[in-house]
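# Architecture at a glance
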Amino acid sequence: MRSSINAKLYSRDDSIYSVRMRASTKNGRHISGAEGLYSRTEAVLSARQYADRALCHERGRPGKVLITIEPITEEPLRISTLPLCTVNNENPETARVVAAKILSALGIGKQAIDAAFDILRHSEVLRGAAILDTEGVRLDPDLMRGVRVSRMGISSEAGKKLSRALGRQGINTSTVREALVLSSKVNYHFEVIGEICISDNPGYTTGYIASSRLGYIRIPVIKKKGLGQGGRVFFLNSRDNDITDTINYLEKRPVIVSAIAKCRGLRSLNEILAELVN
Ligand code: WAQ
Ligand code: MG
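A short tour of the structure in this document, coming up. (Residues numbered from 1 in each chain as written. Chains lettered and ligands numbered in written order. Predicted model: local features only at pLDDT ≥ 70, side-chain atom pairs only at ≥ 80, totals over all residues. Heavy atoms only, no water.)

You can see Asn 187 is positioned in helix 6 (residues 174-188). In the structure, Asn 187 is positioned 29 residues away from Tyr 216 in sequence and 9.7 Å away in space, judged by C-alpha atoms. Ignoring any residue separated from it by four or fewer positions in sequence, one finds Asn 187 in contact with Leu 82, Val 192, Ile 193, Gly 194, Glu 195, Ala 210, Ser 211 and Ser 212. (Helix = DSSP H or I, 4+ residues; strand = E, 2+ residues; numbered from the N terminus. Contact = heavy atoms within 4.5 Å.)

See below:
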């Protein structure tokens, strides 16, 4: 089998491709997914990496893997990453308290925070994110699926910069890079107040809360090791609860990260919250 591609041929094309992967069990249950925007050369390589990831996933062996490669026609929006840091935290119980304090500082009500944790701890994992308003009312139309954010990527220059910045903190992994790119797109939208995420991988116990006002805050040991539960919740400030445009932005609008904000290390919750300007 040929393992390299004809770079000369591929470099003649400067279009951007959306590459998406979805792995599910034979009963259609979600195992894993991935998505990004790539040049044609990168698209081929990423499709292979996505196939690898799907077939060797810790959540199980798929009954079906779907990989979609699609050229993008719309000019991408160029944005910066959110600034990143890690909050001091001891265990899953204190994580819940830390998360509630951050979300409440962002103006999210107690009912919405409780509803988010119910979703994140539910045994049935959604493929996408649940969307809640500040009172905890679920706004996305398909409760079993959620909304899958797609068509986001990072330029190769910004990608190198990000790898260096994360490397200095000892956290340069595709998991962190992809989560930061996703949350930077999500929280760029004016209706999004914040996001909370817990990985559904049993071995990955660091979660995060992201918002335009406080950046991307990593929360270590947000869950016990070995749990296959997780998910994402986006909190929306939606006046009329018509979120069609917002969903369209999240799923369809091409967004490329082309600038990198500060990547910091450990910080206390008080230090982080002190930066909140009203
Ligand atoms: N759009 C919406 N929701 C998604 C998407 C997407 N593109 N990808 C994943 N989700 C949801 C879905 O419900 C998954 O079950 C859940 O998020 C978790 O996905 O800085 O790896 O891919 O160290 O397991 C956080 C990194 C990693 C923290 C999160 O998520 C850090 C992670 P996973
Ligand atoms: Mg996962």
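Let us now look at the site of ligand 1. Not every one of the 25 residues close to ligand 1 is listed here, only the nearest: Val 149, Asp 200, Tyr 204, Tyr 216 and Arg 218. The side chain of Glu 35 places a nitrogen or oxygen atom 3.1 Å from a nitrogen atom of ligand 1. Side-chain polar atom of Arg 218 to an oxygen atom of ligand 1: 2.8 Å apart, as the coordinates give it. Calculation on ligand 1 without its partners gives an accessible area of 700 Å², and the protein chains cover 92% of this total. Taken together, the elements giving at least two residues each to the shell around ligand 1 come down to helix 6, strand 8 (192-198), strand 10 (215-219) and strand 11 (231-236). In terms of residue count, helix 6 provides more of the shell around ligand 1 than any other element does, four residues in total. Of the residues in the shell around ligand 1, the class split is 13 nonpolar, six polar and six charged. (Near = heavy atom within 4 Å. Polar contact = N/O pair within 3.5 Å; in protein donor to acceptor, adjacent residues only side chain to side chain. Areas by Shrake-Rupley, 256 points an atom, 1.4 Å probe, with all protein chains shown as cover. Nonpolar A, V, L, I, M, F, W, Y, C, P; charged D, E, K, R; others polar.)

Another point: the sheet that holds strand 7 (residues 152-154). Overall, parallel pairing links the three strands, which are arranged 4-12-7 in an open sheet. The open sheet has two edge strands with one neighbour each: strand 4 (77-80) and strand 7. The mean angle between the axes of side-by-side strands here comes to 35°, regardless of whether they run parallel or antiparallel. Here strand 4 runs beside strand 12 (residues 255-259); their pairing, made up of four bridges, is parallel. Each bridged residue has a counterpart across the sheet, and for Ser 80 the counterpart in strand 12 is Ala 259. (Pairing = 2+ DSSP bridges. Axes fitted to C-alpha atoms, helices over the stretch in contact; angles between N-to-C directions.)

When the terminal C-alpha atoms of helix 3 (residues 92-105) are compared, their 20 Å separation across 14 residues agrees well with the 20 Å that a helix rising 1.5 Å per residue should span. Residues of helix 3 that are buried: Pro 92, Ala 95, Val 98, Ala 99, Ile 102 and Leu 103. Buried residues of helix 3 fall within an arc of 130° about the axis and therefore sit on the same side. For helix 3, the capping residue at the N-terminal end is Asn 91, with a side-chain oxygen 3.0 Å from the backbone nitrogen of Glu 93. One or two steps after helix 3, the chain reaches Gly 107, where phi turns positive at roughly 95°. (Expected span 1.5 Å × (residues − 1). Buried < 20%, exposed > 50% of the residue type's maximum accessible area, 1.4 Å probe, protein only. Arc of directions from axis to C-beta.)

Summed over the entire model, instances satisfying the criterion amount to two aromatic pairs. Between Tyr 38 and Tyr 50 the ring centres are 6.3 Å apart and the planes differ by 70°, which places this aromatic pair in the edge-to-face class. With Tyr 38 in strand 2 (residues 30-39) and Tyr 50 in helix 2 (residues 40-55), this pair connects stretches of sequence that are twelve residues apart. Classification of Tyr 50 as buried rests on a relative accessible area of 2%. For the cation-ring pair, Arg 96 lies above Phe 117, with the distance from its terminal atom to the ring centre recorded as 4.2 Å. When the ring centre of Tyr 249 is taken as reference, the NZ or CZ atom of Lys 185 above it lies at 5.3 Å. (Phe/Tyr/Trp six-rings, centres within 6.5 Å; stacked < 30°, edge-to-face > 60°. Lys NZ or Arg CZ within 6 Å of the ring centre and 35° of its normal.)

Compared with the 21 Å implied by 1.5 Å per residue over 15 residues, the 21 Å span of helix 6 between its first and last C-alpha is a close match. Inspection of helix 6 places Val 176, Ala 179, Leu 180, Val 181, Leu 182, Ser 183, Ser 184, Lys 185, Val 186 and Asn 187 among the buried residues, and these make up the whole buried set.

Among the structural elements, Asp 200 can be located in the loop between strand 8 and strand 9 (207-211). Residue classification places Asp 200 among the buried positions, given a relative accessible area of 15%. In contact with Asp 200, other than residues within four places in its own chain, are His 30, Ile 31, Arg 59, Val 125, Lys 223, Leu 227, Gly 228, Gln 229 and Gly 230.

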